[in-house]
Amino acid sequence: MPTKAQTDFAFHQLGQVLRDLETDLRWKLDGSVRIPAEWHDIAQSSEQPLKSKITLRVDQDVARFFRAMGQGHLTRMNAVLRAFMLARLAEVVKAEARYEMTPKEMEHRVRDEIFAVIRAQEAAKEAAEARLAGKAVETARLKAIKATWEGKVG
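Every value quoted in this text rests on a predicted model; they were computed, and no experiment measured them. (Residues numbered from 1 in each chain as written. Predicted model: local features only at pLDDT ≥ 70, side-chain atom pairs only at ≥ 80, totals over all residues. Heavy atoms only, no water.)

Asks: How do you make sense of the overall build of the chain when you look at a structure like this?
Replies: The helix and strand tally for the chain stands at five helices and zero strands. When the helices and strands of the chain are placed in sequence order, the string is α-α-α-α-α. Classification of the 154 residues of the chain by burial places 14% in the buried group. Accessible area for the chain stands at about 13100 Å²; split by element, carbon and sulfur atoms hold 60% of it. (Helix = DSSP H or I, 4+ residues; strand = E, 2+ residues; numbered from the N terminus. Buried < 20%, exposed > 50% of the residue type's maximum accessible area, 1.4 Å probe, protein only. Areas by Shrake-Rupley, 256 points an atom, 1.4 Å probe, with all protein chains shown as cover.)

Asks: Even after reading the chapter, I still don't get a nonpolar patch on the surface, so can you show me in this structure?
Replies: Where nonpolar side chains cluster on the molecular surface, the patch consists of Ile54, Leu56, Val58 and Leu81 and spans about 390 Å² of accessible area. Mapped onto the fold, Leu81 is located in helix α4 (residues 73-89). (Patch = residues over 30% accessible without salt bridge, like charges linked within 9 Å, V, L, I, M, F, W, Y side chains within 5 Å. Salt bridge = Lys/Arg side-chain N within 4 Å of Asp/Glu carboxyl O.)

Asks: Any chance you could explain the pattern of salt bridges here in plain terms?
Replies: Two side chains bearing opposite charge may form a pair once their charged atoms approach each other closely. Scanning the model with the defined rule gives three salt bridges in all. For Lys4, the salt bridge identified is with Asp8, shortest N-O distance 2.9 Å. Separated by four residues within a single helix, Lys4 and Asp8 lie in helix α1 (residues 4-27), roughly one turn from each other. For Lys4, a relative accessible area of 62% corresponds to the exposed category. One salt bridge in this structure joins Arg111 and Asp112, with 3.1 Å as the shortest N-O distance.

Asks: Would you mind going over the confidence of the model for the chain with me for this structure?
Replies: Residues shown with low pLDDT carry predicted positions that ought not to be read at fine detail. For the chain, the mean per-residue pLDDT works out to 79, and 77% of the residues sit at or above 70. Here helix α2 (residues 37-44) is the element of the chain with the lowest mean pLDDT, 57, and helix α3 (residues 60-68) is the one with the highest, 90. (pLDDT = per-residue confidence, 0-100.)

Asks: Can you walk me through the side chain of Arg109 in this structure?
Replies: Summarising the element assignment, Arg109 is placed in helix α5 (residues 103-153). With no salt bridge to any partner, buried Arg109 finds its closest opposite charge in Asp112, at an N-O distance of 6.0 Å. Sequence-distant contacts of Arg109, defined by excluding residues within four places in its chain, comprise Phe9, Met85, Leu86, Leu89 and Met101. (Lys, Arg positive; Asp, Glu negative; His and termini not counted. Contact = heavy atoms within 4.5 Å.)

Asks: For this particular structure, what's the right way to read α4?
Replies: Since the α-helix turns once every 3.6 residues, residues separated by three or four places project in the same direction. Taking 1.5 Å as the rise per residue, α4 with 17 residues should run 24 Å; its terminal C-alpha atoms sit 24 Å apart, in good agreement. For α4, every residue scored as buried is listed here: Met77, Ala79, Ala83, Leu86, Ala87 and Leu89. (Expected span 1.5 Å × (residues − 1).)

Asks: Help me out: how do you make sense of the environment of Gln6 in this one?
Replies: Within the secondary structure, Gln6 sits in helix α1. With 104 residues separating them in the primary sequence, Gln6 and Val110 have C-alpha atoms 9.1 Å apart.

Asks: Even after reading the chapter, I still don't get the packing of aromatic side chains, so can you show me in this structure?
Replies: The geometry of two aromatic rings is summed up by the distance between their centres and the angle between their planes. Tallied over the full model, the rule gives one aromatic pair. Consider the rings of Phe65 and Phe66, whose centres lie 5.2 Å apart with planes at 90°: the pair is edge-to-face. The exposure class assigned to Phe65 is partly exposed, which follows from its relative accessible area of 49%. Exposure remark for Phe66: the relative accessible area of 10% places this residue in the buried category. (Phe/Tyr/Trp six-rings, centres within 6.5 Å; stacked < 30°, edge-to-face > 60°.)

Below, the structure is given as structure tokens:
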């Protein structure tokens, strides 16, 4: 049985996958400037989940549906399968059969969560440093204005 942390993490991941799918379907954003630049970096990252080559038989109407969306239909199919997997792990979709994460999967999930926290902390640190640098520039500018003012008044 998944822990509360595992369920919460899967629920969050499911929400993100569904938001991404909705955006793609609604706006057909292939190459759009609406997609943040960071997402392109993520897409080009070498830390993509490992892929397994399988042979999969699907209903003809399902295959037609995804192929009709154009290039990348297999990636979209994978996204739908991932959304279902996350829905099950988040216990949004209930079923009798239980899925237990392997120790390796658990290790990857924990590592990903740790790295996400580290990245958030680094971003917060960079933002704070930028604010401090901005304040230092502003302080120097105010000192220069004050010196100029005192030179004119004195």
